There are 2 protein chains.
Amino acid sequence: MTLVVERNCECGPALALEDVRAAAARIAGHVVATPLLEAPLLNEELGFRLLLKAECLQLTGSFKVRGAFNQILQLSEQERLRGVVALSSGNHAQAVAYASKTLDAAAVIVMPDDAPAVKISRTRRFGAEVVTYHGESEDREFVARKVVSDRGLRLIHPYDDPRTIAGQGTVGLEIYEQTAHRNLAPDAIVVACGGGGLAAGIALTGELYAQAPQVFTAEPVSFNDMQRSLAWGAIVASERRSGSICDALAAASPGVATFPILHGRHAEGLSAADAEVEAAMAFAACCFNLALEPGGAIALACALQERDRFAGKTVVVVASGGNVGTEDFAKMIQRGAAYVQAAANSERPLFGMTALI
Amino acid sequence: MTLVVERNCECGPALALEDVRAAAARIAGHVVATPLLEAPLLNEELGFRLLLKAECLQLTGSFKVRGAFNQILQLSEQERLRGVVALSSGNHAQAVAYASKTLDAAAVIVMPDDAPAVKISRTRRFGAEVVTYHGESEDREFVARKVVSDRGLRLIHPYDDPRTIAGQGTVGLEIYEQTAHRNLAPDAIVVACGGGGLAAGIALTGELYAQAPQVFTAEPVSFNDMQRSLAWGAIVASERRSGSICDALAAASPGVATFPILHGRHAEGLSAADAEVEAAMAFAACCFNLALEPGGAIALACALQERDRFAGKTVVVVASGGNVGTEDFAKMIQRGAAYVQAAANSERPLFGMTALI
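Remember, predicted model here, so these are calculated numbers, not experimental data.

(A) Region of interest: a negative patch on the surface. Together, Asp113, Asp114, Glu136 and Glu138 of chain A give the surface a local cluster of negative charge. When its relative accessible area of 40% is taken as the criterion, Asp113 of chain A is described as partly exposed.

(B) How the structure looks around the packing of helix H13 (residues 274–288) of chain A against helix H16 (residues 326–344) of chain A. Residue and element names in this part refer to chain A. Put simply, H13 and H16 touch, their axes get as near as 7 Å, and they point 100° apart. In this view, H13 runs roughly perpendicular relative to H16, as classed from their interaxial angle. Taken together, the residues of H16 that come into contact with H13 (itself represented by Ala275, Glu276, Glu278, Ala279, Met281, Ala282 and Phe283) are Phe329, Met332, Ile333, Arg335, Gly336, Ala337, Tyr339 and Val340.

(C) Structural context of the nonpolar core. Residues Val190 and Leu290 of chain A together with Val190 and Leu290 of chain B are the most contacted members of the largest nonpolar core, which totals 106 residues. When near neighbours in sequence (up to four residues on either side) are disregarded, Leu290 of chain B contacts Leu57, Asn289, Leu290 and Ala291 of chain A together with Leu37, Leu52, Ala54, Cys56, Leu57, Ala284 and Ala285 of chain B.

(D) Summary view of the pairing of strand S6 (residues 129–133) of chain A. All names here are of chain A. Alignment of strand S5 (residues 107–112) against S6, held across 5 bridges, turns out to be parallel. The partner of Met111 across the bridge, within S6, is Thr132. Crossover S5 to S6 through helix H6 (residues 117–125) is right-handed.

(E) Local environment of the sheet that holds strand S9 (residues 214–220) of chain A. Residue and element names in this part refer to chain A. Read from one edge of the open sheet, 6 strands run S2-S3-S12-S8-S9-S11, paired in mixed fashion. Sheet topology places strand S2 (36–38) and strand S11 (268–272) at the edges, where each strand pairs with a single neighbour. Direction aside, the axes of adjacent strands within the sheet are offset by 30° on average. Across 3 bridges, the pairing between strand S8 (residues 188–192) and strand S12 (residues 314–319) is parallel. Within S12, the position partnered with Ala188 by the bridge is Val315. Along the sheet, helix H9 (residues 170–181) contacts S2, strand S3 (49–54), S8 and S12; its crossing angle with S3, the most-contacted strand, is approximately 135°.

(F) Spotlight on unusual backbone geometry. Residue and element names in this part refer to chain B. Phi angles above zero are rare outside glycine, and Asp104 is one such case at about 60°. Tracing the backbone shows Asp104 in the loop between helix H5 (91–102) and strand S5 (107–112). The residue His266 is not glycine, and still its phi comes out positive at about 60°. Take His266: it is sitting in the loop between helix H12 (258–264) and strand S11 (268–272).

(G) Seen up close, the pattern of salt bridges. Residue and element names in this part refer to chain B. Under the counting rule described, the total for this entry stands at 34 salt bridges over all chains. Here Glu174 makes a salt bridge to Arg66, at a shortest N to O gap of 2.9 Å. Placement of the pair is Glu174 in helix H9 (residues 170–181) and Arg66 in helix H3 (residues 64–72), with a sequence separation of 108 residues. Arg66 shares its class with Glu174; the two are buried. A salt bridge links Arg154 to Glu79; the shortest N-O distance between them is 2.6 Å. Placement of the pair is Arg154 in strand S7 (residues 154–155) and Glu79 in helix H4 (residues 77–82), with a sequence separation of 75 residues. You can call Glu79 partly exposed: its relative accessible area is 25%.

(H) Examining the side chain of Thr258 of chain B more closely. All names here are of chain B. For Thr258, the position within the fold is in helix H12. With a relative accessible area of 0%, Thr258 lands in the buried category. Side-chain polar atoms of Thr258 contact the backbone oxygen of Gly195, separated by 2.8 Å. Leave out the neighbours within four places in its chain, and Thr258 touches Tyr159, Asp160, Ile165, Gly195, Gly196, Gly197, Ala200 and Met226.

(I) Spatial organisation of the relation of the copies chain A and chain B. Superposing chain A onto chain B requires a rotation of 180° together with a translation of 0.0 Å along the rotation axis, leaving an RMSD of 0.0 Å. Put plainly, the chains are arranged around a two-fold axis.

(J) Representation of the domain arrangement of chain A in the model. All names here are of chain A. The domains assigned to chain A are domain 1 (10–62 + 164–356) and domain 2 (64–161). A straight line from the C-alpha centre of domain 1 to that of domain 2 covers 23 Å. Residue-level contacts link 37 residues of domain 1 with 31 residues of domain 2. Taken over both partners, the interface formed by domain 1 and domain 2 buries close to 2700 Å², and the fraction arising from carbon and sulfur atoms is 49%. Among the residues domain 1 hides against domain 2, the three largest losses belong to His30, Thr60 and Thr164. Together they make up 24% of the total. Here domain 1 is connected to domain 2 by 3 salt bridges. At the surface where domain 1 touches domain 2, the tally comes to 16 residue pairs in polar contact (both at pLDDT 80 or more). Going through the elements one at a time, helix H1 (17–27), helix H8 (162–168) and H9 are the ones with two or more residues in the side of domain 1 that touches domain 2. Ranked by residues supplied to the side of domain 1 that touches domain 2, first place goes to H8 with 5 residues. Of the residues that constitute the side of domain 1 that touches domain 2, the class distribution is 13 nonpolar, 18 polar and 6 charged.

(K) Layout of the interface of chain A and chain B. With 37 residues of chain A at the interface, the matching set in chain B holds 38 residues. Taken together, both faces of the contact between chain A and chain B bury some 3200 Å²; the carbon and sulfur share is 57%. Of all residues in chain A, Arg125, Asn289 and Thr326 of chain A bury the most surface against chain B, accounting for 22% of the area lost on that side. Counting across the chain A and chain B interface gives 4 salt bridges. In this structure, the connection of chain A to chain B is made through 12 residue pairs in polar contact (both at pLDDT 80 or more). At the level of elements, S2, helix H2 (40–46), helix H5 (91–102), H6, H13 and H16 of chain A are the ones that each hand at least two residues to the side of chain A that touches chain B. No other element matches H16 of chain A, which puts 8 residues into the side of chain A that touches chain B.

(L) H3 of chain B, seen in detail. All names here are of chain B. Counting buried positions along H3 gives 9 out of 9 residues, so the element sits mostly inside the fold. Buried residues of H3: Lys64, Val65, Arg66, Gly67, Ala68, Phe69, Asn70, Gln71 and Ile72, and no others. Against helix H1 (17–27), H4, strand S4 (84–87), H5, helix H8 (162–168) and H9 lie the buried residues of H3.

(M) Quick look at helix H16 (residues 326–344) of chain B. The end-to-end C-alpha distance of H16 of chain B is 27 Å, a good match for the 27 Å that 19 residues give at a rise of 1.5 Å each. Turning to H16 of chain B, the residues buried within the fold contact H13 and H16 of chain A together with helix H13 (274–288) and helix H14 (294–304) of chain B.

(N) Looking closely at the environment of Ala279 of chain B. Residue and element names in this part refer to chain B. Tracing the backbone shows Ala279 in helix H13. Take Ala279: its relative accessible area is 0%, and that puts it in the buried class. It is 3.7 Å that separates the C-alpha atoms of Ala279 and Gly336, two residues lying 57 residues apart in sequence.

(O) Representation of the sheet that holds S11 of chain B within the structure. All names here are of chain B. The strand order across the open sheet formed by 6 strands is S2-S3-S12-S8-S9-S11, and the pairing between neighbours is mixed. Of all the strands in the sheet, the pair left with one neighbour each is strand S2 (36–38) and S11. Along the sheet, successive strands turn relative to each other by an average axial angle of 30°, direction set aside. The sheet strands contacting H13 are S2, strand S3 (49–54) and S11, and the helix crosses S11 at an angle near 90°.

About the thresholds
- Residues numbered from 1 in each chain as written.
- Chains lettered and ligands numbered in written order.
- Predicted model: local features only at pLDDT ≥ 70, side-chain atom pairs only at ≥ 80, totals over all residues.
- Heavy atoms only, no water.
- Patch = residues over 30% accessible without salt bridge, like charges linked within 9 Å, V, L, I, M, F, W, Y side chains within 5 Å.
- Areas by Shrake-Rupley, 256 points an atom, 1.4 Å probe, with all protein chains shown as cover.
- Salt bridge = Lys/Arg side-chain N within 4 Å of Asp/Glu carboxyl O.
- Lys, Arg positive; Asp, Glu negative; His and termini not counted.
- Charge placed at Lys NZ, Arg CZ, Asp CG, Glu CD.
- Buried < 20%, exposed > 50% of the residue type's maximum accessible area, 1.4 Å probe, protein only.
- Axes fitted to C-alpha atoms, helices over the stretch in contact; angles between N-to-C directions.
- Helix = DSSP H or I, 4+ residues; strand = E, 2+ residues; numbered from the N terminus.
- Parallel < 35°, antiparallel > 145°, perpendicular 65-115°, else oblique.
- Contact = heavy atoms within 4.5 Å.
- Core = buried A, V, L, I, M, F, W, Y, C linked by side-chain atoms within 4.5 Å.
- Pairing = 2+ DSSP bridges.
- Right-handed = clockwise from strand over helix to strand, strands pointing away.
- Polar contact = N/O pair within 3.5 Å; in protein donor to acceptor, adjacent residues only side chain to side chain.
- Least-squares fit on C-alpha atoms with pLDDT ≥ 70 in both.
- Domains from an automatic or database assignment.
- Buried area = accessible area lost by both parts, 1.4 Å probe.
- Nonpolar A, V, L, I, M, F, W, Y, C, P; charged D, E, K, R; others polar.
- Expected span 1.5 Å × (residues − 1).

This is the structure we're talking about:
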């Protein structure tokens, strides 16, 4: 069911906090600072202080635009004009398409044909050319590399590139500033994890704090390759490529650039089932008035299950994205609310917060 | 169907920008500055620049907490300890309950028995005593005044009080700062209107701009008393008390304190039907990743219908609240999305933006 992958890291010198700071200066004006939200009634129910970093309110609806700008702004003019390629199930696609349009670069996006229709159509509307492949049978890296070599374009990796990681890490800088501004010292930061770019970038900002918050990665139970890799101490891949509702988190294994950063900083993996993700989407809608996509709600789903561990603590949860079709979203939060109601009288005290739904 | 109400204003000296500034200083630290969001693809479709002021992300899920804090912070210690009364269909209720709890005041909330269950239960969870009345047959002011006289409590009016208006006006200060920061000069601000507290408060901030943005009030078509009053030049009341999905906007007539402020500054009324409100809720979910309640989406519904008038302009739309039950919310955005799809091929180019849903 699993295989251990050995790859050599081709990433050059180790990434550091300074790279994240440089990225923040570079992308300022192109992205927005997203709010750190709090819901007093939910805190009371949970028994810990939950701060939600609403990256679903970022331009293009996810944090991905940070890494995309940090990448494209570092291209030479010649590279930029020739164009870029991105392989993505959706959020990275829209981010690269939007950043390319803003910066006058051409963009080709390689997407699985089972990506949500809304993500494909929005990517096209941002002016990008979309090339689709069959998600289960074709290797997306092969398809993308073929476009790169055929057309001489520059690949913008969705996570396993230091410029991507540094860009995503600017989320962590904002978390630091926003918690410091409120005189808060977060004990933990829970972050959605596909290939680990966002989690690794945020982990780089740990040294800003007097005591670095513990970083937890959040994955679907069926795609918990980072959780298993962190527990094992080496990269473990999953053979599955599709089947989770978290389409944004379909990377088959931790990145060779992201894993050492997380492992070296003692990050720990968490995971949640689809039903728990839908319940978290319902909570995000009713307690924070946010519409999250499944992958954007998985960190919240994982955090809601750790009430014992987090009791009395201050926990930042990153709501990483919100790109989901309206009809799918409505059905998911309906199922999520029903799951919460059904669990209220069961032995799962976790989701007993029916009065908030 | 309508009656003209003549009342004397008992509000003392005219409210001014300075009162809003004083309110902002007073409530700082108790409320959050909400973001001004933008969706590039939606702008492109609309043909104007739409900036969404996300007050649904305010503590307790609506702007109402601003006025509530500005009121309770000005009570004497004796008044505060004796307690306050609020009459509200929900958002003002939660706001007064939350502010009272934070400031150690007792709170009694008078609510219609047909208010959304989620609003009643959340008000109770904030520690307030809830007294209900029959929304269609009983006069809420009478019920509230009886509680005031029986118990010697202080009434916190939801809109028709200068301290409430000044508190809500702090939304306008933030809009000014956030647009100035981006070098934008908004041409218009569209604001939900029940009794008009928020709209009047924002109108007071118009003089901050080189040219004051035109203020538009937004109401359900069946409760457009402010629209008709502004057109007529005097306060016109509606006889209906319930029946709109916008439970937050059930005030029967403009306030005697709010109307002169809006009328004197040449505000204009807009209105939208329930189906258009649900469509706006669907757009808020898919384009901004926000969950709005109907009353919180009505300004967006009205703005989306004014594409001709707003062509090429910069328009701030206030998304005033997000307190709605998850099941109701899911059904409303499903109907809203279906309405948009159905309208796509009709002669209503307004909601032809199906690719974004």
